[in-house]
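Here's the letter readout for the chains.
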Amino acid sequence: MPNSAPVEASPSAATVRTRPRALLAMHRDLAARLISADTMARMVELADLDPELVIDDFSSPEGAAALASAEVIISSWGCPPLTDTVLAAAPELRAVLHAAGSVKHHITDACWDRGLGITSAAYANALPVAEFTVAAVLFSNKPVLRLAADYRARRAPHDWQAGYAEVGNYRRTVGIVGASRIGRRVLELLAPYDFELLLHDPYVTADQAASMGAELVSMDELCTRSDVLSVHAPELPETRHLVDARRIALLPDGATLINTSRGSLIDQDALTAELVTGRIHAVLDVTVPETLPADSPLYDLPNVLLTPHIAGSLGGELHRMAAAAADELARYTEGLPFAHPVTREEIARTA
């Protein structure tokens, strides 16, 4: 196919090629942790891929040489932006298979203009986030960390039923902000429990929410009614401080706010001020900045569980994302449509 011809978003049977030339583009030290031996062997079988070559700079001589013949880029965290200049040096490039979540940091308008096929393993990364969230919901309603600290301090018999008579997961109300991949998966995982599930998402109808097992409500009503409120909306200009001081004040006494999305969605100063009073609780996997200053009170508050952005794929969970990219590579070589394509239209509304 001439280099000037438009590139299809996903290959057709007429354009199938045997073992396309593929290139790994990500942090150099990431590939060994991201891609298991079995998945790497599968990728090498599917494509002409050098498993030892990992590019994190397309302008380097090594990167430029690899780009010149690459038909497929298998990207992940640390992939440099695919700008006009980069694409000009990659005349054979037809697809970018992202073995991670968001593609916003490296997929540019030039990629869409070129017609590249783009896929993402966001669905695979959503699974551990949803699992983390469900665990946080269950441990929040039945305050395991607070109970454990109480037990550690007492070190003696105590009437726990009398002391914690109002806790538990039975018939509690859980509010979900955003019917994203993660938000939908959280609702699915919470369905078997005895919860009342609420959802706020401006792009979802009441019938669609009901099909997910949730009642569609306004953002203010979600805050007012939720024993646990979990944030799963994308980071967009219109979602900045979506949970602001006024809405934080609407949360019931003793409620828990969970954020595994992005720190900017919550007014952190207002949340910190409220948490210092002890009125509500929080599980925060994301903050602004990503690593808080050493003197932040959030580190030491007994009503806050603070984690370093690890709800997503961690350790062996990384392998699921690489396996997802390998599945898309197999579909590409077979001339099949991608299972998890990313489109120009949807990227503006996703994380």
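Residues numbered from 1 in each chain as written. Predicted model: local features only at pLDDT ≥ 70, side-chain atom pairs only at ≥ 80, totals over all residues. Heavy atoms only, no water.

**Q** If you had to explain the overall build of the protein to someone new, which residues and values would you point to?
**A** Within the protein, the secondary structure is distributed over 15 helices and twelve strands. For the C-alpha atoms alone, the extent of the protein along its principal axes is close to 75 × 45 × 35 Å. Relative to its 351 residues, the protein shows a buried fraction of 50%. Residue pairs in contact within the protein that sit at least 24 positions apart in sequence constitute 66% of those at least 6 positions apart. For the protein, the accessible area works out to roughly 16,500 Å², and carbon and sulfur atoms hold 54% of it. Between the centroid of the 29 positive side chains of the protein and the centroid of its 45 negative side chains there is a distance of 3 Å. (Helix = DSSP H or I, 4+ residues; strand = E, 2+ residues; numbered from the N terminus. Buried < 20%, exposed > 50% of the residue type's maximum accessible area, 1.4 Å probe, protein only. Contact = heavy atoms within 4.5 Å. Areas by Shrake-Rupley, 256 points an atom, 1.4 Å probe, with all protein chains shown as cover. Lys, Arg positive; Asp, Glu negative; His and termini not counted. Charge placed at Lys NZ, Arg CZ, Asp CG, Glu CD.)

**Q** I'd like a description of the sheet that holds strand 6 (residues 172-177), backed by residues and values.
**A** Backbone hydrogen bonds are what pair the strands of a sheet, in a parallel or an antiparallel way. With parallel pairing, the seven strands of this open sheet are ordered in space as 8-7-6-9-10-11-12. Since the sheet does not close on itself, it has two edges, and those belong to strand 8 (215-216) and strand 12 (304-306), each with one partner. Where strand 9 (residues 228-231) meets strand 10 (residues 256-259), four bridges bridge the pair, whose relative direction is parallel. Its bridge partner being in strand 10, Leu 229 is matched across the sheet by Leu 257. (Pairing = 2+ DSSP bridges.)

**Q** Outline unusual backbone geometry, supporting the account with residue identities and numerical values.
**A** Residues apart from glycine generally show negative phi values, whereas peptide bonds are mostly found in trans. Geometrically, the link from Val 288 to Pro 289 is a cis peptide bond, its omega value of 0 degrees lying close to zero. By the element assignment, Pro 289 lies in the loop between strand 11 (281-284) and strand 12. Positive phi outside glycine occurs at Arg 155, with the angle close to 50 degrees. Structurally, Arg 155 can be placed in the loop between helix 7 (144-154) and helix 8 (160-163). Even without a glycine there, the phi angle at Arg 171 is positive, about 55 degrees. Tracing the backbone through its elements, the reader meets Arg 171 in the loop between helix 8 and strand 6. Of the residues examined, Arg 171 reaches a relative accessible area of 63% and is grouped as exposed.

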